[in-house]
Amino acid sequence: MTLTGLYVPLITPFDSTGAVAPTALEPLAHRLLDDGATGLVALGTTGEPGALDGPERRLVVDLAARVCRERGAPLLVGANTPEELAALAGRPEVAAALCVVPPFTRPGQDAVLAHFARLASASPVPLVAYDVPYRTGQYLSAGTLRRLAAVPGVVGLKYAPGGINADTVALFADPPAGFALLGGDDPFIAPLLALGAQGGILASAHLATTEFAALIRAWHEGDVATARPLGRRLATLSTALFAEPNPTVIKAVLHARGHLPTAAVRPPLLPAAAGTVEEALHRLDELSALTNCPARTRRSAPARIGGQDELDHDTV
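A brief structural summary. Given the structure is predicted, the values throughout are model-derived calculations rather than measurements.

## Let's talk about the packing of helix α4 (residues 109-122) against helix α6 (residues 142-149)
When two helices pack together, their arrangement is given by the angle between the helix axes and the distance between those axes.
In step 1: Put simply, α4 and α6 touch, their axes get as near as 10 Å, and they point 15° apart. With respect to each other, α4 and α6 are oriented roughly parallel. Of the two elements, α4 crosses α6, and the hand of that crossing is right-handed. Only Thr 144, Arg 147 and Leu 148 of α6 make contact with α4, whose side of the interface consists of Gln 109, Asp 110, Leu 113 and Phe 116.
In step 2: Counted by class, the contact of α4 with α6 contains 3 nonpolar, 2 polar and 2 charged residues.

## Observations regarding the pattern of salt bridges
In step 1: Taken as a whole, this structure holds 11 salt bridges when the rule is applied.
In step 2: We note a salt bridge from Arg 266 to Glu 56, for which the minimum N-O separation is 2.9 Å. Placement of Arg 266 in the loop between α11 (248-256) and α12 (274-290) and of Glu 56 in helix α2 (residues 54-71) is noted, with a sequence separation of 210 residues between them.
In step 3: Under the relative-accessibility criterion, Arg 266 is labelled buried at 16%.
In step 4: By relative accessible area, which is 15% here, Glu 56 ends up buried.
In step 5: Across the salt bridge formed by Arg 91 and Asp 62, the nearest N and O atoms sit 2.5 Å from each other. Taken together, the positions of Arg 91 in the loop between α3 (82-86) and β4 (94-100) and Asp 62 in helix α2 put the pair 29 residues apart, joining distant regions of the chain.
In step 6: Judged by its relative accessible area of 36%, Asp 62 is partly exposed.

## Let's talk about the sheet that holds strand β8 (residues 199-201)
In step 1: The 8 strands are arranged β1-β2-β3-β4-β5-β6-β7-β8 in a closed barrel whose pairing can be described as parallel. Shown here is a sheet whose adjacent strand axes are inclined to one another by a mean of 25°, direction ignored.
In step 2: As defined by bridge partners, strand β7 (residues 180-183) adjoins β8 across 2 bridges and the pair is classed as parallel. In the strand pairing of β8, Gly 183 is matched with Gly 200.
In step 3: Packing of α4 onto the sheet brings it into contact with β4, β5 (127-131) and β6 (154-159), and relative to β5 it is tilted by some 155°.

## Some thoughts on the state of the cysteines
In step 1: Scanning the model with the defined rule gives 0 disulfides in all.
In step 2: Counting only cysteine sulfurs, Cys 99 is the nearest neighbor of Cys 68, a cysteine outside any disulfide, at a range of 17 Å.
In step 3: Exposure remark for Cys 68: the relative accessible area of 1% places this residue in the buried category.

## Notes on the pairing of strand β1 (residues 5-9)
In step 1: The element β1 is extensively covered by neighbouring structure, given that 5 of its 5 residues are classed as buried.
In step 2: Where β1 lies against β8, 3 bridges are found, and the strand directions are parallel. Within β8, the position partnered with Gly 5 by the bridge is Gly 199.
In step 3: Strand direction decides the pairing type here: β1 and strand β2 (residues 39-42), joined by 3 bridges, are parallel. By the bridge assignment, Val 8 is partnered in β2 with Leu 40.
In step 4: Handedness of the β-α-β unit built from β1, helix α1 (residues 22-34) and β2 comes out right-handed.

## With respect to a nonpolar patch on the surface
In step 1: The grouping of Ile 164, Val 169, Phe 188 and Leu 195 at the surface amounts to a nonpolar patch, some 300 Å² of accessible area in total.
In step 2: Relative to the helices and strands, Ile 164 is located in the loop between β6 and α7 (166-173).

## Re unusual backbone geometry
In step 1: Omega for the peptide link from Asn 246 to Pro 247 comes to 10°, which places this bond in the cis form.
In step 2: With respect to the helices and strands, Pro 247 occurs in the loop between α10 (224-241) and α11.
In step 3: Between Pro 267 and Pro 268 the backbone carries a cis peptide bond, its omega angle lying at 15°.
In step 4: Mapped onto the elements, Pro 268 comes out in the loop between α11 and α12.
In step 5: Even without glycine at this site, Glu 48 takes up a positive phi of about 55°.
In step 6: With respect to the helices and strands, the residue Glu 48 is situated in the loop between β2 and α2.
In step 7: Look at Glu 48 and you get buried, because its relative accessible area is 7%.

About the thresholds
Residues numbered from 1 in each chain as written. Predicted model: local features only at pLDDT ≥ 70, side-chain atom pairs only at ≥ 80, totals over all residues. Heavy atoms only, no water. Axes fitted to C-alpha atoms, helices over the stretch in contact; angles between N-to-C directions. Helix = DSSP H or I, 4+ residues; strand = E, 2+ residues; numbered from the N terminus. Parallel < 35°, antiparallel > 145°, perpendicular 65-115°, else oblique. Left-handed = near helix turned anticlockwise from the far one by under 90°. Contact = heavy atoms within 4.5 Å. Nonpolar A, V, L, I, M, F, W, Y, C, P; charged D, E, K, R; others polar. Salt bridge = Lys/Arg side-chain N within 4 Å of Asp/Glu carboxyl O. Buried < 20%, exposed > 50% of the residue type's maximum accessible area, 1.4 Å probe, protein only. Pairing = 2+ DSSP bridges. Disulfide = S-S within 2.5 Å. Right-handed = clockwise from strand over helix to strand, strands pointing away. Patch = residues over 30% accessible without salt bridge, like charges linked within 9 Å, V, L, I, M, F, W, Y side chains within 5 Å. Areas by Shrake-Rupley, 256 points an atom, 1.4 Å probe, with all protein chains shown as cover.

Structure representation (structure tokens):
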């Protein structure tokens, strides 16, 4: 199995009482697949899993699994312990678990490999490693990533090194056979695709999903004339969406567009500043105009869920 295409790590919407809002999450999941996403990710870091309790996490996975089952789409689930991985048994929709490199402890590259070998040996599903050294504090060289690709049960990598460096070039110059290299730094997805990434796990694709899917398709087909300008525009959008801690800006923009009942996030996060959200909305409108999608250039009128206006300008 080699994962390819666009995977969107789902946000977790909250209602006006602060509870998880499944009536917002389900249509969002369907819309993302309608607009070109290959699959979804539940309980990725974008979904604020650390702020969810056990029943809430199960609710999110159950809902995402049902949508993916109905749509015939693959699902990845964030899981970082043997217990979390064991809970994925018996879920045929789950193509793989997304497992982050152990954060904070900086155990060393050999210890990271041993960690993934232990997880993979007991996991009921394959693993996709999430390498994000500017968050974990643990850097992995191209050589170590190739050794990771050789670990039985590890089938891919969400690669988010914070840019393009010599190890990036070395890894993509000789990619491990049968191993999915998926871009995970949204502003850098275009150059990673140009180097040969099979796809991406991209939170920014909650917005402009069609365009992100088109970018991946264009690079795969060698349509450089389409891919280069589209990649530049999407990088600008992603930079605006990540101007404050993820997923605060994405949630606020989705709320402003009428897709969420609130823009709420849970502690330790705080809502995005109004100016940051306005800049992201401007970049989204600008992208829509440039890609000839007139319906996307208008701010959505307030939609209604449960009898309440979704659009609350005080929270945007």
